Amino acid sequence: MQTSTYLRSALKWALAFAFIATSGLALSQSTTSTSPSLNPALGSSNKQEGLAKSLISSTGANTASSIGASIGSFAGGGGGGGFNVTDAGPVQRFALPGQGGTGLAAAPGDKVWNAWASVARSSIAYNFQPLQSSGNVDVLIVGVDRTLDNKVIVGLAIAGDSTSVNTQFNGGNMSGRGTTYSPYVAVPLNRNWTADATVGWGQTTVKTNALGVSGENKVDRTMGNVGVTYRALVNQWMFTGRGAYLSVNDNLGAYTMSNGQFVADGTVRISQMRFGGQATYNAGSVFPYVGATYIYDLKAPNQAAVNGVSAANDRDGVQGVLGLQFKSAGALYGGIQYSSEMSRKQIKNDQLQLNIGAKF
């Protein structure tokens, strides 16, 4: 008993340290960044931070938010099936939500190991006309975690991403492949509140081709996510609220294009606050839900004007979520979810996601 108390205290201190560390990272970031040009026709001296944010760094932000929101859900207190919540009951599992959601897929809470996987396709676009681009990002996340005796959850998620984008503004294309590793921890504070933290690091290889000129460079990524989740039960409904801070730092390596043009290294840094709510209905073995998340960019690069045309550079958006989760009579759970980031003037970010998990 004493050991569990000490472990819980240590993990709470670890969460606090992670929050301070990720906050310090964001506060120490410069407000300006220099990203390599993705358009050889314009020359490498042109700043295209908005384009890099929309096509490269948004993948890291989506991944960080997805993992953070899912582990916040994993740590919700539950006793048995359905929506039963008790102060001392075993931890109830929830399937991976998409970008900031907390969709329920409650498997029985009697096992300590949990394995889960999620596959998602995001349709993205940067609709700033001088840099018009659009394409798809596919992300596969697999994770495994264990519930300790004091109900604290520790685990590891590994995400692989593949990007394919047409850069219509120069008749070219961009592709990328990367991997991110993210250990995580979640601490149920009481029957309603849960705290969670995750850190991640990885690398993406980005290839560009336009006007017969090609290039390839490496992007080193670090990210952090700290959040709290609140849930309340009202008859057949579960109402969930979540607040989270996330930070993504992409270091874009220098490279030389096939025509001999040198492109200097650069950075793209994003930090966001996300506040969301969700309503889930208990229909027995299926759980339809709807939700919305407000996203505010505390720090993000501004796209410089191109040929006298200014970008919107808006700082906030609202993301709508609609989904359906299920649980089997055994250990299997999963679901499907659609999300769309709305109200961004020049950025499109829609996602369809499938997820599945099992306890053992």
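Please read all numbers here as calculations on a predicted model, not as lab measurements.

Quick notes on the rules
Here the residue numbering is sequential within each chain, running from 1 through the sequence in written order. Selection of residues for local features in this predicted model requires a pLDDT of at least 70, selection of side-chain atom pairs for listing and counting requires 80 or more, and totals for whole chains, interfaces and linings are taken over all residues. Each side-chain value is worked out from all heavy atoms of the structure, with water and hydrogens disregarded. Here a strand pair is declared whenever DSSP counts at least two bridges between the two strands. We count a stretch as a helix when DSSP gives it H or I for four or more residues in a row; a strand needs E for two or more, and each element gets its number in order from the N terminus. On a scale of 0 to 100, pLDDT captures the predictor's confidence in every residue. Every residue pair with non-hydrogen atoms within 4.5 Å of one another is taken to be in contact. Each Phe, Tyr or Trp ring, with Trp reduced to its six-membered ring, pairs with another whose centre is within 6.5 Å; inter-plane angles below 30 degrees give stacked pairs, above 60 give edge-to-face pairs, and intermediate values give tilted ones. Only protein chains enter the accessibility calculation, which uses a 1.4 Å probe; a residue whose area is less than 20% of its type maximum is buried, one above 50% is exposed, and one in between is partly exposed. Every axis corresponds to a line fitted to the C-alpha atoms, with the helix fit spanning only the stretch in contact, and the corresponding angles, defined between N-to-C directions, vary from 0 to 180 degrees. Side-chain atoms within 4.5 Å link the members of a nonpolar core, which is a set of buried Ala, Val, Leu, Ile, Met, Phe, Trp, Tyr and Cys residues.

### A closer look at the pairing of strand E4 (residues 172-188)
In step 1: Of the pairings in the sheet, the one linking strand E3 (residues 153-167) to E4 comprises 15 bridges and is antiparallel in character. Pairing of threonine 163 across the sheet is with glycine 176, part of E4.
In step 2: The pairing of E4 with strand E5 (residues 193-210) spans 14 bridges and is classified as antiparallel. Residue pairing for E5: arginine 177 is matched across the bridge by threonine 205.
In step 3: In sequence, E4 turns back onto E5 through a hairpin of four residues.

### Focus: the confidence of the model for the chain
In step 1: When the pLDDT values of the chain are averaged, the result is 75; 72% of them are 70 or greater.
In step 2: Segment residues 10-47 is flagged for pLDDT under 50; beyond a separation of four residues in sequence, or across chains, it makes 79 contacts in the model.

### With respect to the packing of aromatic side chains
In step 1: One pass over the structure, following the stated rule, counts six aromatic pairs.
In step 2: Plain terms: the ring middles of tryptophan 116 and tyrosine 184 are 6.5 Å apart, the flat faces sit at 45° to each other, and that makes the pair tilted. Residue tryptophan 116 is found in strand E1 (residues 113-126), and its partner tyrosine 184 is found in strand E4; the two are separated by 68 residues along the sequence.
In step 3: Given a relative accessible area of 4%, tryptophan 116 falls into the buried group.
In step 4: Owing to a relative accessible area of 4%, tyrosine 184 belongs among the buried residues under this scheme.
In step 5: Consider the rings of tryptophan 237 and phenylalanine 239, whose centres lie 6.1 Å apart with planes at 15°: the pair is stacked.
In step 6: For tryptophan 237, a relative accessible area of 35% puts it in the partly exposed group.
In step 7: Taking relative accessible area as the criterion, phenylalanine 239 reaches 38% and is therefore assigned partly exposed.

### Some thoughts on the sheet that holds strand E10 (residues 266-281)
In step 1: Strand order in the closed barrel formed by twelve strands is E1-E2-E3-E4-E5-E6-E7-E10-E11-E12-E13-E14, with antiparallel pairing between adjacent strands. Strand-to-strand twist in this sheet, taken as the mean axis angle between neighbours without regard to direction, amounts to 15°.
In step 2: As paired strands, strand E7 (residues 237-252) and E10 are joined by 16 bridges and run antiparallel to one another. Looking across to E10, one finds that serine 247 is bridged to serine 271.

### So, the nonpolar core
In step 1: Ile67, Trp116, Ile141, Ala157, Tyr184, Met223 and Val248 are the most contacted members of the largest nonpolar core, which totals 23 residues.
In step 2: Where this core is concerned, the elements lending two or more residues are helix H2 (49-74), E1, strand E2 (133-147), E3, E4, strand E6 (213-234) and E7.
In step 3: Considering every element that reaches this core, the biggest residue donor is E3, with four residues.
In step 4: Counting residues in hydrophobic clusters, the runner-up holds seven residues, among them Tyr126, Leu131, Phe169 and Ala311.

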